[in-house]
Amino acid sequence: MLSRGQSLFKMWILKKDVVQREEKRLSPPQLKQLMEGGVRARLKGTRMASLLPPAGSETFRRLKPASRERVQDRQTSEVVQLEAGKPLPFFFGYPPPEFLNIPLEEMDPYYQSQKTFVVLSRGNVLHRFHGGPALSLLSASNPLRRAAIVLTLTHSLFSWFILLTILSSCVFMTLSEPPEWSSTVERVFMAIFTFEAVVKVVARGLCAGRFTFLRGGWNWLDVLVICTGYLTQVVNVRIFTVLGSVARVLKIIPVIPGLKKTVGDLVQSVKRLGGVIALMLFFFGFCALIGQHFFMGSLKHKCVVWRPESSNNQSSQYNYSQYNYAKYINDHANLYYLPDQRDALLCGNASNAGVCPPGYSCIRTGRNPDYGYTSFDSFGWSLLSVVRLVSKDFWENLMLQVLRSSGKPYLTFFLLVVFPAGFFVLSLIVAAVALVAGEQQGAAVSESKQREEEFSQILEAIKRSEEEEAASRVALSQEPEGKKKDSMEGLEEVQRSCPACCSVTSKVFLKWNCCGCWRGLKQRLQALVRDPLFDLGVVLCLVINAIFMSLEHFPMTEQFSSMLNDVQLVFTAIFIVEMLLKLVAFDPYGYFQVSWNIYDSIIVFVSLLLLTDIINLRFLLLMRFLRLARWWPMLHMLMKIIWTALSSLRNLTLLLFITLFIFSVAGMQLFGKDYKDQVCRIAEDCELPRFHMTDFFHSLLVVLRVLFGDWVEALWDCMEVSGKTSCLLFFMMLLVSGNLLALNLFLVLLLSPLRGLSPAYPEEKVNNNVQMALRRIYRAAGSLLGRKTGAKPELTERDGQEVDRKEHLALDIRTNGDHEVPEETPEQKAKTPEGHQHGDPEDCCSQKCCPLQVVDSSRGAGRVWTNFRRFCLCIVQHKLFEIFIIFIIVLSSVALAFEDVHLHQWPLLKEVLHRADQLFTLLFLSEMLLKWSAFGLSKYFRDGWCCLDFLVLHLFLVSLGVEIFGIGSVGFFLFLRSLRALGPLRILSHFQGLRVVVLSLLGGGAGPAAGSAGGSAGSAGFQHVGREPVCGEVLLLF
């Protein structure tokens, strides 16, 4: 579980640091010592001790007929410790080549009592098989079965051949009109898939026992592919074709390493989201029931015109038979249509509903809008409408249809039920997915830490064993170094450097040290290229080059284009000279040891190719500006995080592409023929619309459209041409699996590391020559002008690299002697102000601004003024005062809502609002004066929320003045009156939760109002201790 204070970025970084670290390995002498009794005794009680074989025996043993009795004598375990498909723990070491791809004795104590054996493939990956004879004929030692095991597990050509076959089959799936010889190719594919399944059955057995062919979930894809493939050869059923195509594409998952684990993690995350999904379904069902009871049948009300003779005799409409009446009102020619609209105009019989034009009556007739699929007539259609509203797909049209047919009061259904709750549920799903992803990351980190701890335990046990042996040998006057030398021999072999031939080649061709003059030239060039001013010149060239490239436009004159080409040639020559200087200064061996130099050389090579007109890809020159990341730490960190995030998400990205391909192929095969045959039902000109599924690429466009949230119109067209059930299942599966799982999880995992770019995760700066050069220029300019620059003259450039680091400490830290003491917040200052007793208000103004404010508060006018301020302080800190101010703010906000363009039609309401505006302004003015008296001007204007109150009050005052002088129609004053809409923002300062949200959005609490609570009972950050005694004092004083 993620801790409360631990973010996904921290977990992601921790995983990268642990997983990408160099793999721990034990040398052969250390593995030999691990098998000895002394080391094993020190590891007693750990997971390693239960997995390793008994002391003195071999780690890897071939499977023999007598192995069953020996294995059963070992201690069993209740937990699986060696999972199939994962590499062996490092303390097993690497088995000899002769032990690969052959049956070995079971090594996990959990399976000791079961009839299994293991096979190790390349990379120490463990595979577990059923120990009984496959198909009741082939034992584990049978050559045919061993050949099948080698072919399915270790032979990379077989895996590549199967993968190539699957991809070739996918290519044929995308053809809407396959060629005639495609049936022959299909038979070849089926033969290959059948051969693969037969080999797996021979290697594992069919179904008798664990780890057999049919006991593996992924193997059922092979069964489905074979069965549907042969069925489609006999009967041409569309659903069999779709199932076979989907199963073939899914076969890619177990073939590609790592992709199967990604799918398993996604499945586990979906299982963990069971409660959230249940809550979402309950919410959707609840809203669907409400919509069904409110709007059932209302969307069928339409405007119907009556015959002219019916107006003379009201009863003439009843002269027709019931059949003629129904036929008349259902005739589309008798309905009212707006121009270029497919559906008739909706209406309602409620007082606030839409009305029909003159000569038309509102009657319930015909079908619902949008081919009859937009309605609340049943629970199913109501549920579909709720999903449409929550996903915000064409929701405004549905809302307008409901309001026109049922009335404006039902707007509350959308504003109070659907939209807020829908946003909450979808946000909860995203948060739950992110939490599950963080837990999976945490499990990976814990596993990596466990491996490191086990490695440390083994090394510690081996070290103690060597020390004891060394002590015993010293006691017997023997040399202890031989044993240590042997124990480190394997590790030195692992860490051995390049071969001798490579070292000789590098000295001859890559290290240029021919004579003393040449070495002297190299030293001077090294001093040049390492100078900070050299890097500053390179950065300036990159920036100026970017400016000139941004001047390109279309069309350009020949003279201007020629000038830009000449400038480009100049910069290319500059960067070539830079590369040559560095090559000479550091030799090719040293130059290409730096990754940024390799990148620079590639850019120079591309620039030369562009000059020769071999390639005409000028956009490649934009890669030159990424060199700025070498001197720009934040850009470098951003590029590094994005690159590592993308590399870690390659399996998830591939899974997303597989999902898109599956639904595109399935849509084409399911609905492609229906779109061609029934196109006249969705298009008046009987031509295919822009989005259809007759071929793969248009089907892919529809799938992408659904994943990006625009799905309901495509669903209507599909249901109109193909049928409701199949289209609803297809689109709902695509919407859920594609959008809510793949895309949301992809975005969460991609964007979680980018949160680490905030100053809360600072990155240590490396040597930055550009900053050193700028400091040098700054000091030189200050020396020429005869002014102090603030830089220490004795500070060297190397010291400057250490000192010039951005401090990521809070700005409210001050130094007191040798200790750092945090600066007191306004609340703490108010609790214990210097020079005042508890409850005494502070000075009104700063002494610098008003030196005459120092008066004797113990007698005379000073005492009266101090007591008056205490009385004001008691008032503004009282809860009733805060409640009263909140009530006035709400009333003023409601009054602002009534000031619309129709206000002049209600003279009485206009006069009431004018008087209320004057009253509210007077009350806000009184509030400000009380706070000025209680807190003082200095503290009042240091608080951000109080400044907001001051601004809003003056806007109200300006509005009153504008109305008095009659200049409200002037543009500038009209703009100032509109700014009164900032008044409701004052309510934020009276609630702690809202203040925290606002301060978080403004920068995590930074800003002028960071330590304030303006406008509340503790306005301007003054939370006094002993509030009630102060009020008692005031009453006694007066």
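These numbers come from a predicted model, not from an experiment.

**Student:** How should I be thinking about the overall build of the protein in this particular structure?
**Tutor:** Each helix and strand in the protein was counted, giving 39 helices and 6 strands. Across the 1038 residues of the protein, 40% fall into the buried class. Residue pairs in contact within the protein that sit at least 24 positions apart in sequence constitute 71% of those at least 6 positions apart. Total accessible area computed for the protein in this model is approximately 59100 Å², and 63% of it derives from carbon and sulfur atoms.

**Student:** Would you explain the pairing of strand β2 (residues 125-130) in this entry?
**Tutor:** Sheet faces and side chains relate simply in a regular strand, where the side chains alternate between the two faces. Counting buried residues along β2, 6 of its 6 residues qualify, which places the element largely inside the surrounding structure. The alternating pattern of β2 places Val125, His127 and Phe129 and Leu126, Arg128 and His130 on opposite faces, both of which are buried. Linkage of strand β1 (residues 116-121) to β2, two consecutive antiparallel strands, is achieved through a turn of 3 residues, within which glycine 123 is found at a positive phi near 85°.

**Student:** Looking at this structure, I do not really get the packing of aromatic side chains. What am I missing?
**Tutor:** To describe a pair of aromatic rings, one takes the distance between the centres and the angle between the planes. Within this structure, the stated rule accounts for 32 aromatic pairs. Where phenylalanine 172 meets phenylalanine 189, the ring centres are 6.0 Å apart and the plane angle is 70°; that geometry is what we call edge-to-face. One end of the pair, phenylalanine 172, is in helix α7 (residues 156-173); the other, phenylalanine 189, is in helix α8 (residues 182-204), with 17 residues separating them in the sequence. Ring geometry for phenylalanine 671 and phenylalanine 730: centres 5.4 Å apart, planes at 80°, overall edge-to-face. Of this pair, phenylalanine 671 sits in helix α25 (residues 650-677) while phenylalanine 730 is found in helix α28 (residues 724-751), placing the two residues 59 residues apart along the sequence. Here the aromatic residues Phe294, Phe295, Phe376, Tyr410, Phe413 and Phe414 are joined through ring pairs into a cluster of three or more. We note arginine 705 situated over the ring of phenylalanine 691; from NZ or CZ to the ring centre the distance is 4.3 Å.

**Student:** How should I be thinking about the nonpolar core in this particular structure?
**Tutor:** Where a protein is soluble and globular, its nonpolar side chains tend to be buried together. One finds Phe671, Trp711, Phe730 and Phe731 to be the most contacted residues of the largest nonpolar core, which totals 58 residues. Mapped by element, the contributors of at least two residues to this core are α13 (274-295), α15 (379-390), α16 (395-406), α17 (411-475), α25, α26 (696-707), α27 (712-721) and α28. For this core, the element with the most residues is α17, which contributes 9 residues. Not counting chain neighbours up to four residues away, the residues in contact with phenylalanine 730 comprise Phe663, Ala666, Gly667, Leu670, Phe671 and Met693.

**Student:** For this particular structure, what's the right way to read the pattern of salt bridges?
**Tutor:** Taken as a whole and judged by the stated rule, the model has 26 salt bridges. Glutamate 196 is the salt-bridge partner of lysine 200, the closest N and O atoms lying 3.2 Å from each other. Taken together, the positions of lysine 200 and glutamate 196, both in helix α8 and 4 residues apart, correspond to about one turn of that helix. The residue arginine 342 makes a salt bridge to aspartate 370 at a minimum N-O spacing of 3.3 Å.

**Student:** How do you make sense of the packing of helix α20 (residues 516-529) against helix α22 (residues 558-591) when you look at a structure like this?
**Tutor:** Two quantities define a packed helix pair, namely the angle between the axes and the distance from one axis to the other. Orientation of α20 relative to α22, taken along the N-to-C sense of each, is 120°, at an axis distance of 9 Å. In terms of their interaxial angle, α20 and α22 are classed as oblique. The two elements α20 and α22 meet at a crossing, and its hand is left-handed. Across the interface between the two elements, Trp518, Lys522, Leu525, Gln526, Leu528 and Val529 of α20 pack against Leu581, Lys582, Val584, Ala585, Phe586 and Asp587 of α22.

**Student:** I would appreciate a short explanation of the state of the cysteines in the present structure.
**Tutor:** What makes a disulfide is a covalent bond joining the sulfur atoms belonging to two cysteines. Considering all chains together, one arrives at 4 disulfides under this definition. Here cysteine 680 pairs with cysteine 686 through a disulfide, and the sulfurs are 2.1 Å apart. Across the disulfide from cysteine 680 to cysteine 686, rotation about the S-S bond amounts to roughly 125°, and the bridge is consequently right-handed. Residue classification places cysteine 680 among the partly exposed residues on the basis of a relative accessible area of 46%. A disulfide bridge connects cysteine 718 with cysteine 727, and the sulfur atoms are separated by 2.0 Å.

**Student:** What is the right way to look at the confidence of the model for the protein in this model?
**Tutor:** Detailed reading of the predicted coordinates is not advisable wherever pLDDT falls low. Of the residues in the protein, 73% have a pLDDT of 70 or more, and the chain-wide mean is 76. Counting contacts from residues 310-322, a segment whose pLDDT is below 50, to residues more than four positions away or on other chains yields 6 contacts. Per-residue pLDDT stays below 50 along residues 754-766; that stretch engages in 24 contacts with residues further than four places along the chain or on separate chains.

**Student:** What's the story with the environment of glycine 131 in this structure? I'm lost.
**Tutor:** Turning to its location among the elements, glycine 131 is positioned in the loop between β2 and α6 (143-153). A sequence separation of 17 residues divides glycine 131 from glutamine 114, and the C-alpha atoms of the two residues are 8.5 Å apart. In contact with glycine 131, not counting residues within four places along its chain, are Lys115, Thr116 and Phe117.

**Student:** What is the right way to read a nonpolar patch on the surface from this model?
**Tutor:** Together, Leu224, Leu231, Val234, Val235, Val237, Ile239 and Leu243 make up a nonpolar patch on the protein surface, roughly 540 Å² of accessible area in all. Secondary structure elements with two or more residues in the nonpolar patch: α9 (219-234) and α10 (238-250). If one sorts the elements of the nonpolar patch by residue count, α9 sits on top with 3 residues. In this fold, leucine 231 is placed in helix α9.

Conventions used here
Positions within a chain are numbered from 1, following the residues in the order the chain's sequence is written. Local features in this predicted model are restricted to residues of pLDDT 70 or higher, and side-chain atom pairs are both shown and tallied only at a pLDDT of 80 or more, whereas totals for entire chains, interfaces and linings draw on every residue. Water and hydrogen atoms were dropped before computing side-chain values, which therefore reflect all heavy atoms in the structure. Going along the chain from the N terminus, every DSSP run of H or I of four or more residues is numbered as a helix, and every run of E of two or more is numbered as a strand. Working definition: with a 1.4 Å probe on protein chains only, accessible area under 20% of the residue-type maximum means buried, over 50% means exposed, and in between means partly exposed. The contact criterion used throughout is that any non-hydrogen atoms of two residues lie within 4.5 Å. Note on areas: Shrake-Rupley with a 1.4 Å probe; residue coverage comes only from the protein chains shown. Being paired, for any two strands, means DSSP has found at least two bridges between them. Any two rings among Phe, Tyr and Trp, with Trp reduced to its six-membered ring, count as a pair given centres within 6.5 Å; such a pair is stacked if its planes are under 30 degrees apart, edge-to-face if over 60, and tilted if neither. We count a charge as sitting over a ring when the NZ of a lysine or the CZ of an arginine lies within 6 Å of the ring centre and within 35 degrees of the ring normal. Throughout this description, the term nonpolar core refers to a set of buried Ala, Val, Leu, Ile, Met, Phe, Trp, Tyr and Cys residues connected via side-chain atoms within 4.5 Å. Definition used for salt bridges: Asp or Glu carboxyl oxygen within 4 Å of a side-chain nitrogen of Lys or Arg. For helices, the axis comes from a line fit to the C-alpha atoms of the stretch in contact; other axes are also lines fit to C-alpha atoms, and the angle between any two N-to-C directions lies between 0 and 180 degrees. In what follows, roughly perpendicular refers to angles from 65 to 115 degrees, roughly parallel to angles under 35, roughly antiparallel to angles over 145, and oblique to any angle outside these ranges. By the definition used in this description, the sense in which the near helix is turned from the far one sets the handedness, with an anticlockwise turn below a right angle giving left-handed and a clockwise turn giving right-handed. Only a pair of cysteine sulfur atoms within 2.5 Å qualifies as a disulfide here. Confidence per residue, as judged by the predictor, is encoded in pLDDT with a range of 0 to 100. Patches draw on residues past 30% relative accessible area with no salt bridge. Two like charges within 9 Å are joined, as are two nonpolar side chains (Val, Leu, Ile, Met, Phe, Trp, Tyr) within 5 Å.

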